[in-house]
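Residue-level structure breakdown
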Amino acid sequence: MLISEPMVRELNEQVMHEFNASHSYLAMACQLEDWHLSSMANWFRAQAEEEREHAMKLLDYVLQVGGRVHLAGLSEPRSSYSSPSEIIETALGQERTVTEQINALMNLAVKENDHATQSFLRWFVDEQVEEMDSIGHLCGLARLAGDNLLQLDESVRALNRGGVEKT
Ligand code: FEO
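Every chain is numbered on its own, with residues counted from 1 as its sequence reads. Side-chain atom pairs in this predicted model are given and counted only at pLDDT of 80 or more, local residue features only at pLDDT of at least 70, and totals for whole chains, interfaces and linings cover all residues. As a rule here, side-chain values come from all non-hydrogen atoms in the structure, and water together with hydrogens is ignored.

1. Quick word on the overall build of the protein chain
Applicable threshold: A run of H or I in DSSP counts as a helix once it spans at least four residues, and a run of E counts as a strand once it spans at least two, with each numbered from the N terminus. Relative accessible area decides the class of each residue, using a 1.4 Å probe on protein chains only: under 20% of the type maximum gives buried, over 50% gives exposed, and in between gives partly exposed. In this description, accessible areas are obtained by the Shrake-Rupley approach with a 1.4 Å probe, and a residue is regarded as covered only by the protein chains that are shown. For the charge count, each Lys or Arg is scored as positive and each Asp or Glu as negative, with His and the chain ends excluded. Charge positions are represented by NZ for Lys, CZ for Arg, CG for Asp and CD for Glu.
When helices and strands are tallied, the protein chain shows five helices and zero strands. Tracing the protein chain from N to C terminus, the helices and strands come up as α-α-α-α-α. Structurally, the protein chain occupies a C-alpha span of about 55 × 30 × 25 Å along its principal axes. When the 167 residues of the protein chain are sorted by exposure, 42% land in the buried category. Of the accessible surface of the protein chain, which amounts to about 9,300 Å², a share of 51% is contributed by carbon and sulfur atoms. One finds the centroid of the 13 positive side-chain charges in the protein chain at a distance of 2 Å from the centroid of its 27 negative side-chain charges.

And the structure:
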């Protein structure tokens, strides 16, 4: 195996964190659908898909370096919120936590002089910068819209279109 057992263990942990983040975003999307805020729901659904891709990327890396993948059970996500703003704030907190988790993984890779994992994790470090920026933008839109939820949903629709054009 190319990397240490503790590194594999922590990468496996992160696989589960990313799947849990995906699950949580999906629950948020369902709550937003329930409120008929379909553009916001689509945004969170896309986030759920991205988190799943992150989990799979980590999982594939563990396999690639000869480690053993261990899939634990998922946590039940919170499924009830009082407002879209609460969902956005919760998502922001979730991304802050993931950023800390990625930084901790990078710290371990540096401590272990594990250049392969450092190189692999750089993509995640950059991705977290993008994700924090994106969710911060959503927080800003929510503040601007205030109680006008239709305005907020409309703004997120434009954001989704921008996202599609960018890819
Ligand atoms: Fe995979 Fe949003 O962190």
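Structure shown, so let's carry the discussion forward.
2. Remarks on the packing of aromatic side chains
Filter applied, for reference: Note on ring pairs: Phe, Tyr and Trp rings are taken, using the six-membered ring of Trp, and paired if centres are within 6.5 Å. Classes follow the plane angle, with under 30 degrees stacked, over 60 edge-to-face and the rest tilted.
This model, assessed by the stated rule, comprises five aromatic pairs. Summarising the aromatic geometry, the rings of Trp43 and Phe44 are spaced 5.0 Å apart at their centres and angled 65° between planes, so their arrangement reads as edge-to-face. Exposure remark for Trp43: the relative accessible area of 8% places this residue in the buried category. When its relative accessible area of 0% is taken as the criterion, Phe44 is described as buried. Geometrically, the ring pair formed by Phe120 and Phe124 is tilted, given 5.4 Å between the ring centres and 55° between the ring planes.

3. Points about the environment of His23
For clarity, the cut-off: Should any heavy atoms of two residues lie within 4.5 Å, those residues are considered in contact.
Mapped onto the fold, His23 is located in helix H1 (residues 5–34). For the pair His23 and His137, spaced 114 residues apart in the sequence, the C-alpha separation amounts to 22 Å. When residues no more than four places from it in sequence are discounted, the contact partners of His23 are Leu74, Ser75 and Pro77.

4. Notes on the nonpolar core
As a reminder of what qualifies: Only buried residues count toward a nonpolar core, which is a set of Ala, Val, Leu, Ile, Met, Phe, Trp, Tyr and Cys residues joined through side-chain atoms within 4.5 Å.
If you look at the biggest cluster of nonpolar residues, it comprises 23 residues, and the most contacted ones within it are Met40 and Phe44. Within the residue set of this core, elements represented by two or more residues are H1, helix H2 (38–64), helix H3 (84–111), helix H4 (115–145) and helix H5 (149–166). Here the element with the most residues in this core is H4; it accounts for six residues. Formed by 22 residues, the second largest nonpolar core is a distinct cluster that contains Met7, Leu11, Val15 and Met106.

5. Notes on the packing of H2 against H3
Selection criterion: Note on geometry: axes are lines fitted to C-alpha atoms, helical ones only across the stretch in contact, with angles between N-to-C directions running from 0 to 180 degrees. By the definition adopted for this analysis, an angle is roughly parallel if under 35 degrees, roughly antiparallel if over 145, roughly perpendicular if from 65 to 115, and oblique otherwise. Left-handed describes a crossing whose near helix is turned anticlockwise from the far helix through less than a right angle; right-handed describes the clockwise counterpart. The classification used treats Ala, Val, Leu, Ile, Met, Phe, Trp, Tyr, Cys and Pro as nonpolar, Asp, Glu, Lys and Arg as charged, and all other residues, Gly among them, as polar.
Direction vectors running N to C along H2 and H3 enclose 20°, while the axes themselves pass 12 Å from each other. If you check the angle between H2 and H3, you find them roughly parallel. As for the relative orientation of H2 and H3, their crossing is left-handed in sense. Packed against H2, whose contacting residues are Met40, Phe44, Gln47 and Glu51, the element H3 presents Pro84, Ile87, Ile88, Ala91 and Glu95 at the interface. Each residue belonging to the contact of H2 with H3 can be placed in one class, and the counts come to six nonpolar, one polar and two charged.

6. A word on H2
Keep this limit in mind: One fewer than the residue count of a helix, multiplied by 1.5 Å, yields its expected span.
For H2, built from 27 residues, the straight-helix expectation of 39 Å at 1.5 Å per residue is met to within 8% by its first-to-last C-alpha distance of 39 Å. Looking one or two residues beyond H2, the residue adopting positive phi is Gly66, at roughly 85°.

7. Thoughts on the packing of H1 against H2
For the pair H1 and H2, the least separation of the axes is 8 Å and the interaxial angle reads 165°. Classified by the angle their axes make, H1 and H2 are roughly antiparallel. Remark: the crossing between H1 and H2 carries left-handed chirality. Across the contact of H1 with H2, the residue classes break down as 20 nonpolar, six polar and five charged.

8. A few points about the environment of Leu144
Take Leu144: it is sitting in helix H4. Residue classification places Leu144 among the exposed positions, given a relative accessible area of 75%. Sequence-wise, Leu144 and Ser155 are eleven residues apart; in three dimensions their C-alpha atoms are separated by 10.0 Å.

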